[in-house]
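Architecture at a glance
One-letter residues, chain by chain:
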Amino acid sequence: KIFKENNERILSIIRYFAASLIPLILNLATNPLVASNMSAEDYAIVGYFKSYNTLILPLVLFYVLHYYTKRFYELDDKRRIELKAYIFKFLIYASAIIALISIGGIYVYTFFLNSNSQIPLFPYVWIAILALPLTGLYSLTLVDYKMARMSKSYLWISVMYSIVTVGLLLLFVVVFKMGAFGNLISILITNAIFFGICCYMNRELFKVKVRMASYKPIVLFCLPLTLAAALGFFSNGYDRVYLERLGQVEELGYYVVAFSICNYLHYFSDAVGNTFQPDIFQSLANRNLIRYIKFSGIILAANALVVLIFIPLSTPIVDILTAGKYVYSSHYMKILAVSSFASAIYYVVSQFTVAMGLTSITLYNKIFTSVASVIIYKVAIDNYGFDGAAWGVSLSFLVSAIGNILFMAIYKNKLKQIWQNPQK
């Protein structure tokens, strides 16, 4: 009876999970082949440049997708299409400019502050960073399908993206033996392909006229979130940049292997979050606090269960996934796994402030967290090396969650006012 009454809802949940589960299975299946054809130094190069994603990707995408998510249920169809056109054009033109500026920033940092780096910039920095703006339209398409509850379309494009990525990864890394270069170029080419596909799918949006003044509310909403997310680099990303300066490239490679495998836990966490994000935003838009708490509890319980299963199995998991080549990385995996649950705690807390439109809280909290994270990593890494870095990741997420709650307490009167007077 329950299944019949909620048939479409249950099928949608299954599809959203499958959209993350199928790519996860493909990555797990091919990981031993990739690991066998990549050295620790290759992993160090890939991990080092990907660590900048948490700093640069928010700047490139400018969190405009969150504005679209927030406004999705608040607008009629005509105004929603108009907003989508504004977001669409921003992700094409502004994102490309920001990416080029970011590449220049990395060159400046390397030449003036890290001139002794053992990891070469060219061509890796260009490949890694230019791949980021090409993800914008694909991400917008996913958000559109998710919020409109078009789970079949969401599943189809997610799986196709993963198949192309894995196929190119095997081609360049396993067949052509191109190591770090092959790993990074496969992502760039995949993003370019889907950028073109999404441009064609949304070609009618090019016809919508854009008035620059209309970007003002978007910028005002997104700027604090963007700055806050970029500062998230100090919670998740800064650890690998700091560790690179120790000059232990091979050890960094083992750490990156552990980090990349633990990312599968984050993929699961994202899958759970993506599945219930529309419910969370809809619950808060309707001011249904109990429903929000229920879905937040589901997200946290699911993440906790997976982490508890993963930790005792970390050694055989890394043995299988790296064809026995990087078993040493399991030591770091056991520590890094905790960060998946810690990030889930921060996720459910931060979604509340975003849905309420108080993005300034997110920014203030990230400033606080960034300072705390720099201190945490310096103390932890200087005293405990790579182990300290691994524990620092989880501590940074917990500090973020606690800080968010504290700032909500400070702004409780403002929150109460917004809650009682929702704006359409």
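Look above for the structure.
What counts, and where the lines are drawn
- Residues numbered from 1 in each chain as written.
- Predicted model: local features only at pLDDT ≥ 70, side-chain atom pairs only at ≥ 80, totals over all residues.
- Heavy atoms only, no water.
- Helix = DSSP H or I, 4+ residues; strand = E, 2+ residues; numbered from the N terminus.
- Rg over C-alpha atoms; globule rule 2.2 N^0.38 Å.
- Buried < 20%, exposed > 50% of the residue type's maximum accessible area, 1.4 Å probe, protein only.
- Core = buried A, V, L, I, M, F, W, Y, C linked by side-chain atoms within 4.5 Å.
- Contact = heavy atoms within 4.5 Å.
- Salt bridge = Lys/Arg side-chain N within 4 Å of Asp/Glu carboxyl O.
- Axes fitted to C-alpha atoms, helices over the stretch in contact; angles between N-to-C directions.
- Left-handed = near helix turned anticlockwise from the far one by under 90°.
- Nonpolar A, V, L, I, M, F, W, Y, C, P; charged D, E, K, R; others polar.
- Phe/Tyr/Trp six-rings, centres within 6.5 Å; stacked < 30°, edge-to-face > 60°.
- Lys NZ or Arg CZ within 6 Å of the ring centre and 35° of its normal.
- 1 Å grid on protein atoms, 1.4 Å probe; cavity = no way out; pocket = protein on both sides within 12 Å on 5 of 7 lines; lining within 4 Å.
- Points joined across faces, edges and corners; volume = space filled by probe spheres on them.
- Disulfide = S-S within 2.5 Å.
- Polar contact = N/O pair within 3.5 Å; in protein donor to acceptor, adjacent residues only side chain to side chain.
- Expected span 1.5 Å × (residues − 1).
- Patch = residues over 30% accessible without salt bridge, like charges linked within 9 Å, V, L, I, M, F, W, Y side chains within 5 Å.
- Areas by Shrake-Rupley, 256 points an atom, 1.4 Å probe, with all protein chains shown as cover.

When you go through the protein residue by residue, the secondary structure sums to 19 helices and zero strands. A globule of 424 residues ought to have a C-alpha radius of gyration of about 22 Å, and the protein, at 21 Å, matches this closely. Each principal axis of the C-alpha distribution contributes one length, and for the protein these read about 55 × 55 × 45 Å. Of all 424 residues assigned to the protein, the portion counted as buried reaches 55%.

Counting 128 residues, the largest nonpolar core has F49, I87, L91, I218, Y255 and L336 as its most contacted members. When near neighbours in sequence (up to four residues on either side) are disregarded, I218 contacts V64, Y67, L83, Y86 and I87.

This model, assessed by the stated rule, comprises eight salt bridges. Linking D77 and R80 is a salt bridge whose minimum nitrogen-to-oxygen distance equals 3.1 Å. You can see D77 and its partner R80 sitting in helix α6 (residues 77-113), three residues apart, about one turn around the helix. Given the relative accessible area of 53%, D77 is considered exposed.

For the rest of this paragraph, the subject is the packing of helix α3 (residues 40-50) against helix α10 (residues 179-201). Two numbers describe how α3 lies on α10: the axes approach to 7 Å, and their chain directions differ by 40°. The two elements α3 and α10 meet at a crossing, and its hand is right-handed. In this structure, α3 uses D42, I45, V46 and K50 to contact α10, whose residues at the interface are G179, A180, N183, L184 and I187. Taken together, the residues of the contact of α3 with α10 sort by class into five nonpolar, two polar and two charged.

Bringing the packing of aromatic side chains into the picture now. To describe a pair of aromatic rings, one takes the distance between the centres and the angle between the planes. For the structure on display, the rule yields 35 aromatic pairs. With centroids separated by 5.3 Å and ring planes inclined at 70°, the aromatic side chains of F233 and F234 adopt a geometry described as edge-to-face. Its relative accessible area of 23% is what places F234 among the partly exposed residues. Pairwise contacts between aromatic rings join Y48, F49, Y52, Y124, F233, F234, Y238, Y242 and Y377 into one cluster. Here the basic side chain of R80 rests over the ring of F72, its NZ or CZ set 4.2 Å away from the ring centre. Positioned above the aromatic ring of Y200 is the side chain of R203, whose terminal nitrogen or guanidinium carbon lies 4.0 Å from the ring centre.

The next point concerns the layout of surface pockets. Of the pockets and cavities examined, the second largest pocket occupies roughly 330 Å³. Along its surface, the second largest pocket is lined by 17 residues, and L24, Y264, L265, F268 and V306 are the ones closest to its centre. Going through the elements one at a time, α2 (7-36), α13 (249-285), α14 (289-310) and α15 (314-321) are the ones with two or more residues in the lining of the second largest pocket. The element contributing the most residues to the lining of the second largest pocket is α13, with six residues. In the lining of the second largest pocket, the residues fall into 16 nonpolar, one polar and no charged.

Attention shifts here to the environment of M333. As for its position among the elements, M333 is in helix α16 (residues 330-336). For the pair formed by M333 and V318, sequence separation is 15 residues and the distance between their alpha carbons is 8.6 Å.

Per the stated rule, a full pass over the model turns up zero disulfides. Among the cysteines around C198, which has no disulfide bond, C199 carries the closest sulfur, lying 7.6 Å off. Looking at C198, the relative accessible area reads 0%, which means it is buried. Assessed through its relative accessible area of 15%, C199 is described here as buried.

Attention now moves to the side chain of T322. Structurally, T322 is set in the loop between α15 and α16. The buried category is assigned to T322, whose relative accessible area is 1%. At 3.1 Å, the side chain of T322 forms a polar contact with the backbone nitrogen of Y326.

Here we come to helix α8 (residues 136-147). Taking 1.5 Å of rise per residue, the twelve residues of α8 would be expected to cover 16 Å, and the 16 Å separating its terminal C-alpha atoms lies within 8% of that figure. Burial analysis of α8 places twelve of its twelve residues in the buried class, the great majority of the element. Of the positions making up α8, those classed as buried are G136, L137, Y138, S139, L140, T141, L142, V143, D144, Y145, K146 and M147.

Now for helix α17 (residues 338-355). Structural remark: α-helix, 3.6 residues per turn; residues separated by three or four positions point the same way. In a regular helix each residue adds 1.5 Å, so 18 residues correspond to 26 Å; α17 covers 27 Å between its end C-alpha atoms and thus fits that length. Of all 18 residues that make up α17, 14 are buried, and the element is covered over most of its length. With its phi angle positive at about 85°, G357 sits one or two positions after the end of α17.

The residue after F122, namely P123, is reached through a cis peptide bond having omega 5°. Within the fold, P123 resides in the loop between α6 and α7 (124-130). In this model, F62 sits at a positive phi of 55°, which is unusual for a non-glycine residue. Checked against the element boundaries, F62 lands in the loop between α4 (53-61) and α5 (64-72). Taking relative accessible area as the criterion, F62 reaches 14% and is therefore assigned buried. One non-glycine residue, R287, lies in positive phi territory at about 60°. As for its position among the elements, R287 is in the loop between α13 and α14. Its relative accessible area of 21% is what places R287 among the partly exposed residues.

Here we take up a nonpolar patch on the surface. A contiguous nonpolar surface patch, about 450 Å² in accessible area, is contributed by Y364, I367, V371, I375 and V379. Along the chain, V371 falls in helix α18 (residues 359-410).

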